[in-house]
Amino acid sequence: FVKAMRELGVSPVSLAIRGDEADLFVPSSGRGTRITYVLGREEAAAALASAVFPSLNLTDGSIEYVDLRFSGKAYIKRRE
């Protein structure tokens, strides 16, 4: 999954595993962005990421997290 993220131009700096989920952390201006996905479903998460990441800026600090845990849907929380 990390390799797939790098191919999309996203360079995670750390990984946290929580049960069956994982969080990748991407550095950004001021604060980082978290990308959450389910372990064992990396291919589906990578496909979803490839569909939504081109329209997002994950390094400017405007996005708190991207949630790729749900089939066919990406949830994005922007910072206020």
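Up top you'll find the structure we're talking about.
These numbers were taken from a predicted model, which means no experiment stands behind them.

Colleague: What am I meant to see in the pattern of salt bridges here?
Modeller: Note that side chains of opposite charge can pair when their charged atoms are close. In this structure the tally under the stated criterion is six salt bridges. Arg-34 serves as the salt-bridge partner of Asp-23, at 3.8 Å between the closest nitrogen and oxygen. With a gap of eleven residues between them, Asp-23 in strand S2 (residues 21-26) and Arg-34 in strand S3 (residues 33-38) connect regions that are remote in the sequence. Asp-23 sits in the buried class, given a relative accessible area of 5%. Across the pair Glu-64 and Lys-77 runs a salt bridge, and its minimum N-O distance is 3.5 Å. Note that Glu-64 is positioned in strand S4 (residues 63-70) and Lys-77 in strand S5 (residues 73-78), a separation of 13 residues in sequence. The exposure class assigned to Glu-64 is partly exposed, which follows from its relative accessible area of 28%.

Colleague: Can you walk me through the sheet that holds S2 in this structure?
Modeller: Strand-to-strand pairing in sheets goes through backbone hydrogen bonds, with the strands running parallel or antiparallel. Strand order in the open sheet made by the five strands is S1-S2-S3-S4-S5, with mixed pairing throughout. Here the strands that pair on one side only, and so sit at the sheet edges, are strand S1 (14-18) and S5. Across this sheet, the average inter-strand angle for adjacent strands is 15°, counted without regard to direction.

Colleague: I keep staring at the side chain of Thr-33 and nothing clicks. Help me out?
Modeller: Mapped onto the elements of the fold, Thr-33 is located in strand S3. Side-chain polar atoms of Thr-33 contact the backbone oxygen of Leu-58, separated by 3.1 Å. Excluding residues that lie within four positions of it along the chain, Thr-33 makes contacts with Leu-24, Phe-25, Val-26, Ser-28, Leu-58, Ile-63, Glu-64 and Tyr-65.

Colleague: How should helix H2 (residues 42-52) be read in this particular structure?
Modeller: In an α-helix, one turn spans 3.6 residues; hence positions three or four apart end up facing the same way. Residues of H2 that are buried: Ala-45, Ala-46, Leu-48, Ala-49 and Val-52. Along the axis of H2, the buried residues cluster in a sector spanning 165°; they form a single face. Facing away from the buried side of H2, by more than 90 degrees, are the exposed residues Glu-43 and Ala-51. Elements that come into contact with the buried residues of H2 comprise helix H1 (2-7), S3, S4 and S5.

Criteria and thresholds
Every chain's residues receive numbers from 1 upward, in the order its sequence appears when written. For this predicted model, a pLDDT threshold of at least 70 governs which residues receive local features, and a threshold of 80 or more governs which side-chain atom pairs are given and counted, while totals over whole chains, interfaces and linings are taken from all residues. To obtain the side-chain values, all non-hydrogen atoms of the structure were used and water was disregarded. The working definition used for a salt bridge is a side-chain nitrogen of Lys or Arg within 4 Å of a carboxyl oxygen of Asp or Glu. Helix and strand labels come from DSSP, where a helix needs a run of H or I of at least four residues and a strand needs a run of E of at least two; each type is numbered from the N terminus. Exposure classes here rest on a 1.4 Å probe applied to the protein chains alone. A residue is buried below 20% of its type maximum, exposed above 50%, and partly exposed in between. By the convention used here, strands pair only if DSSP detects at least 2 bridges between them. Helix axes use the C-alpha atoms of the stretch in contact, all axes being lines fitted to C-alpha atoms, and the angles between their N-to-C directions lie in the range 0 to 180 degrees. Within 3.5 Å is the distance limit for a polar contact, defined as a pair of N or O atoms, with the added protein rule that one can donate a hydrogen and the other accept it, and that residues adjacent in sequence qualify only through two side-chain atoms. Any two residues whose heavy atoms approach within 4.5 Å are treated as being in contact. The arc under discussion is defined with respect to the helix axis, by the directions toward the C-beta atoms.

Limitation: the analysis is restricted to geometry and does not speak to function.
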